[in-house]
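This is what each chain is made of:
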Amino acid sequence: MTAALAGRVVVITRPAHQAHHFQALVKQVGAEVALCPTIDIQPLADNQAARLRLTELPYYQSVIFISANAVQFAHDLCNETQRQHLQQLCLGAIGKKTAEALVACGYQVTLVAQSGFTSEDFLQLAALQQLEQQRILIVRGQGGRELLARSLSERGASVDYLDVYQRVKPTPLNWQQLRYLKTHAQRLIISFTSAESVHNFLALTNNGLDLSKLTLLVGGQRIAQTARMVGFSGTLIVADDPSDESMFKALLSAQ
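What counts, and where the lines are drawn
- Residues numbered from 1 in each chain as written.
- Predicted model: local features only at pLDDT ≥ 70, side-chain atom pairs only at ≥ 80, totals over all residues.
- Heavy atoms only, no water.
- Helix = DSSP H or I, 4+ residues; strand = E, 2+ residues; numbered from the N terminus.
- Rg over C-alpha atoms; globule rule 2.2 N^0.38 Å.
- Contact = heavy atoms within 4.5 Å.
- Areas by Shrake-Rupley, 256 points an atom, 1.4 Å probe, with all protein chains shown as cover.
- Buried < 20%, exposed > 50% of the residue type's maximum accessible area, 1.4 Å probe, protein only.
- Pairing = 2+ DSSP bridges.
- Right-handed = clockwise from strand over helix to strand, strands pointing away.
- Arc of directions from axis to C-beta.
- Axes fitted to C-alpha atoms, helices over the stretch in contact; angles between N-to-C directions.

Caption draft 1: Focus on the overall build of the protein. In terms of regular secondary structure, the protein is built from eleven helices and eleven strands. For 255 residues, the compact-globule estimate of 2.2 N^0.38 gives 18 Å, and the protein sits close to it at 20 Å. Here the C-alpha coordinates of the protein stretch approximately 55 × 35 × 35 Å along the principal axes. Within the protein, contacts between residues separated by at least 24 positions form 66% of all contacts whose residues are at least 6 apart in sequence. Carbon together with sulfur atoms contributes 49% to the accessible area of the protein, which is approximately 12500 Å² in total.

Caption draft 2: Spatial organisation of the environment of Ala 19. Relative to the helices and strands, Ala 19 resides in the loop between strand E1 (9–12) and helix H1 (20–28). Residues contacting Ala 19, with those up to four places away along its chain left out, are Ile 12, Arg 14 and Leu 35.

Caption draft 3: Spotlight on unusual backbone geometry. In this structure, Gln 133 is a non-glycine residue whose phi angle is positive, near 70 degrees. Along the chain, the position of Gln 133 falls in the loop between helix H6 (119–123) and strand E7 (135–141).

Caption draft 4: Spatial organisation of the pairing of strand E9 (residues 188–192). Within E9, five of the five residues are buried, which leaves it mostly tucked inside the rest of the structure. Of the two faces of E9, the one carrying Leu 188, Ile 190 and Phe 192 and the one carrying Ile 189 and Ser 191 are both buried. Relative to E9, E1 runs parallel, the two sharing four bridges. Paired with Ile 12 across the strands is Ser 191, a residue of E9. The sheet contact formed by E9 and strand E10 (residues 215–218) spans four bridges and is parallel. When the sheet's bridge partners are listed, Ser 191 is paired in E10 with Leu 217. For the handedness criterion, the β-α-β arrangement of E9, helix H9 (residues 195–204) and E10 is classed as right-handed.

Caption draft 5: Representation of helix H5 (residues 96–104). Listed in full, the buried residues belonging to H5 are Thr 98, Ala 99, Ala 101 and Leu 102. Down the axis of H5, the sector holding all buried residues measures 160 degrees, keeping them to one side. Those residues of H5 that are exposed and aimed more than 90 degrees away from the buried face are Val 103 and Ala 104. The inward-facing, buried residues of H5 abut strand E4 (62–65), helix H3 (68–77), strand E5 (90–93) and strand E6 (111–112). Immediately beyond the C-terminal end of H5, within one or two residues, lies Gly 106, with a positive phi of roughly 95 degrees.

Caption draft 6: Seen up close, the pairing of E5. Of the pairings in the sheet, the one linking E4 to E5 comprises four bridges and is parallel in character. What sits directly across from Ile 64, in E5, is Gly 92. In this structure, E5 lies alongside E6, joined through two bridges in parallel fashion. Considered in E6, the bridge of Ala 93 is made with Val 112. As a crossover connection, the stretch from E5 through H5 into E6 is right-handed.

Caption draft 7: Representation of the sheet that holds E10 in the model. The strand order E2-E1-E9-E10-E11 describes an open sheet built from five strands, whose pairing is parallel. Strands with a single pairing partner mark the edges of an open sheet, and in this sheet they are strand E2 (32–35) and strand E11 (236–238). Each adjacent strand pair in this sheet contributes to an overall mean axis angle of 25 degrees, direction not counted. In the sheet, E10 pairs with E11 via three bridges, with the strands oriented parallel. By the bridge assignment for E11, Leu 216 is matched with Leu 236.

Caption draft 8: Representation of the side chain of His 75. Tracing the chain through its elements places His 75 in helix H3. By relative accessible area, His 75 is classed as buried at 14%. In this view, His 75 contacts Arg 83, Cys 105 and Tyr 107; residues no more than four positions away in its chain are not counted.

Written out as structure tokens, the structure reads:
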């Protein structure tokens, strides 16, 4: 690999346990890496409600997983009988990474969009257009967008949520970390893979950076719009989606 990013510092804001692959990719092309997680993925403080919902799996026809994290946390919460129930249901995945996580846990994926990674892409599937008499369970972290559940309900389904993890904003950066970002602002390429990470980054830095000097790498147009809306006015590199591969491709193409 060439040193296409020699002299640049790529700031990775993914949760720490999901940053390793992208970190390795950008290091291969000469970039320095600064890890700055803007979201921590943690188990629920109280998972009693989730465990109770899992006992109701036989009453659902379909279970839709929002993310790879949703797959792993749900799988860990399930007992062996519940895992067997999941294997008998129609399982949907938002994005190919989520589908891969299901397969890795031993499940067969029935519903996944061939392209795209959003709820909008998933909702275009033919099997989801008429859903009368269907009970559907959406597995996710606490909070998040309501578009999927609302759209499925409008198409006739009865929809419930199973919250299996929580997203927690880390503590603000200390003065040494913030000074590093300020000192190297012209060299930075800050990567964002969600709109939430954009907002959290501003909170973690206490709005202490000149947003006009920063170069951003974002995983899609929705995240780009969020970045502009909150005041980022520098160079914007927009990937097709927030996967490591798409982000890396966009990053190289922009050099």
